[in-house]
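Chain by chain, the residues run as shown.
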Amino acid sequence: MKKFIRSISVATLAMAMAIPAMADRVLNADVVGVGAGAGGTVAAASAQEAGLKTVLLEKNAFAGGAGNFMEGTFAVESFMQKKAGVKLTKLEEFNRMGEYHHWRINAPLVKRFIEESPKTIQWVWDHGVHWKEVKSVWAGNKNLTWHIYPHAGSLPAAMVNTFQKKGGTLLLQTPGETLIMKDGRAAGVVAKDLKTGEKVTVNAKYVVLATGGYNFNKDMVVKYTGQDLVPSGAPGRTGDGIRMAMSAGAVGDNMGPMMINGAFNPLEGEAICNGPNKELRAIFRQSQLYVDGAGNRYFNEQLTLDWPVASNAILRSGEWTYLFFDDAFVKELGTKGKGYLNPCGNFIQRGQVAKELPKLLQDGVKRGDVFEGNTIEEVAKKAGLNAANLKRAAADMTKFAKQGKDTEFGKDKYYIRAVSKAPFYIVKGKLHTLASLNGVKVTENLQVVNAKDQVIPGLYALGHDAGGVYGDSYDLRIGEGTASSFAINSARIAVENIIDQQKKGM
């Protein structure tokens, strides 16, 4: 028996030695893109259309990334704006952006981005993605910059279709891990096929990093913002492109600002107001009474529609914030002819009736992120807030409602509501982020540079992997849709430069 077992062991060992180890997969291309979100897919489609053999790597099992959540895109002087009679010029918008960001921007890059934006609107239309309308979330705003997609995800889907029809290679579940450098030049990417564990080496003359920033990298978010924030949107955006660029000598360009889109109750898998709890989450956009962890009012809630600015106030109040309102407000939102005071993206419209809100409030009570009480003392105790402070905040807001004037922070009377009719509700919220805003330093052509501002040949960074577009906050007030717009415009600018470099033999 022992001899038989030894024979099997020797035979098994021999078979194992006879089976060759899995060979690395090697691909050769002109361009390798890392990340198949909005920017990555536009870059890949553009490069492949220009005759550049392109390989596109994507960490997730699906393409599109955060582009699957895009509602609209910024542009100035587009054919749609001209048709709508919008008078805003590209030069005016450039200076508006510079002023908004206190000129902490890469001015040549921002100028190039704005100059390219109307061409990109036409280019997207020509590729089969037909914009629904151009609009603004701000009532009475004549500077309409927000071009609305037919549906979320329509752009990356069209780009992937174009890319593959032109012969491009898309590798899903294959994240880029290491940048290949040869003689000081980017020369490809080493990736890993998560399905097989196979190492994939893509040799290429040009590397385009478009991994979407670091929104889902908790350590990086805490490092740069000082607070743990709830990431929203497509997963996988963990700073891979930024890390790869820095391995080649790149430096950050004002890294730290985040696209903080206000506070919401933290419900996994939901972003903004497009999930099953959207009517409850939209409460945070209605400019009602916010209190901090001590139960005190701390800013003018009218700002909640301008969520990048409101997020700054909420950020300094601590990890959690609390929204406080009464039953009369719940009934108002559910009444035909009244409804929501403010929109929440394109998912909740101004005046829309809240049909599911009462049920969603009770669901939240069971979950533990909504608190209900027949007295202010009761709801304060359940939420863990100071009852005396909460009673004072409610009394002040009720007084403001009766006199039609907020004498504390000056909130417009359109938003002022009494907090006096039981039952009372407190909804617990935490700041959510859609994206990190700045990455590594680049030229106006999206070429990555080192600490001496010298171009790292062959290396490009797009969208949220690139820095220089934002000061300390997202510019919603003066440029609706700039994040998605910069992703796709930076992609087209980068590929234009790659084509130019290719012609010059560089």
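So, a few notes on the structure that sits alongside this text. Counting from 1, residues in each chain are numbered in the order their sequence is written. In keeping with the predicted nature of the model, local features appear solely for residues at pLDDT of at least 70, side-chain atom pairs appear and are counted solely at 80 or more, and the whole-chain, interface and lining totals rest on all residues. The basis for every side-chain value is the complete set of heavy atoms in the structure, and neither hydrogens nor water enter the calculation.

1. Topic: the packing of helix α2 (residues 38–49) against helix α15 (residues 482–504)
For the record, the criterion: Axis angles are defined between N-to-C directions and span 0 to 180 degrees, where every axis is a line fitted to C-alpha atoms and, for a helix, only to the segment in contact. Under the DSSP-based scheme used, a helix requires at least four consecutive residues in state H or I and a strand at least two consecutive residues in state E, with every element numbered from the N terminus. In these notes the angle categories are as follows: under 35 degrees is roughly parallel, over 145 is roughly antiparallel, 65 to 115 is roughly perpendicular, and the rest is oblique. Handedness of a crossing follows from how the near helix is turned relative to the far one, being left-handed for an anticlockwise turn of less than a right angle and right-handed for a clockwise one. Contact definition: two residues touch when any of their heavy atoms are within 4.5 Å.
It is the contact of α2 with α15, at a shortest axis distance of 8 Å, that shows an interaxial angle of 30°. As far as their axial angle goes, α15 and α2 are roughly parallel. The interaxial crossing formed by α2 with α15 has right-handed handedness. Residues Ala 38, Gly 39, Val 42, Ala 43, Ser 46 and Ala 47 of α2 touch α15, and the partners they reach there are Ala 487, Ile 488, Ala 491, Arg 492 and Val 495.

2. Side note on the side chain of Gln 286
Rule in force here: Whenever two N or O atoms come within 3.5 Å, that pair is a polar contact, provided that in protein one can donate a hydrogen and the other can accept it, and provided that, for residues adjacent in sequence, both atoms are side-chain atoms.
Topologically, Gln 286 is positioned in the loop between α9 (278–281) and β12 (289–291). One polar contact links the side chain of Gln 286 to the main-chain carbonyl oxygen of Ala 282, over a distance of 2.9 Å. Polar side-chain contacts of Gln 286 include one of 2.8 Å to the backbone nitrogen of Leu 341. Beyond its immediate sequence surroundings of up to four residues, Gln 286 is in contact with Thr 304, Phe 329, Tyr 340, Leu 341, Asn 342 and Tyr 415.

3. Concerning the sheet that holds strand β3 (residues 72–74)
The test is simple: Only strands joined by at least two bridges in the DSSP assignment are considered to pair.
Strand order across the open sheet formed by three strands is β3-β5-β4, with antiparallel pairing between neighbours. Both outer strands of the open sheet, β3 and β4 (133–135), are each paired with one neighbouring strand and no more. This sheet shows a mean twist of 30° between the axes of neighbouring strands, independent of strand direction. Pairing geometry for β4 and strand β5 (residues 146–148), over three bridges, is antiparallel. By the bridge assignment for β5, Val 134 is matched with His 147.

4. Details of the pattern of salt bridges
Convention followed: For this document, the term salt bridge refers to a Lys or Arg side-chain nitrogen within 4 Å of an Asp or Glu carboxyl oxygen. Working definition: with a 1.4 Å probe on protein chains only, accessible area under 20% of the residue-type maximum means buried, over 50% means exposed, and in between means partly exposed.
Per the counting criterion, the structure on display carries 25 salt bridges. One salt bridge connects Lys 90 with Glu 115, and the closest N-O pair in it is separated by 3.4 Å. Residue Lys 90 is located in helix α4 (residues 90–100), and its partner Glu 115 is located in helix α5 (residues 107–126); the two are separated by 25 residues in the primary sequence. Lys 90 sits in the buried class, given a relative accessible area of 18%. Across the pair Lys 111 and Glu 115 runs a salt bridge, and its minimum N-O distance is 3.0 Å. Within this pair, Lys 111 and its partner Glu 115 are both found in helix α5, separated by four residues, close to a single helical turn.

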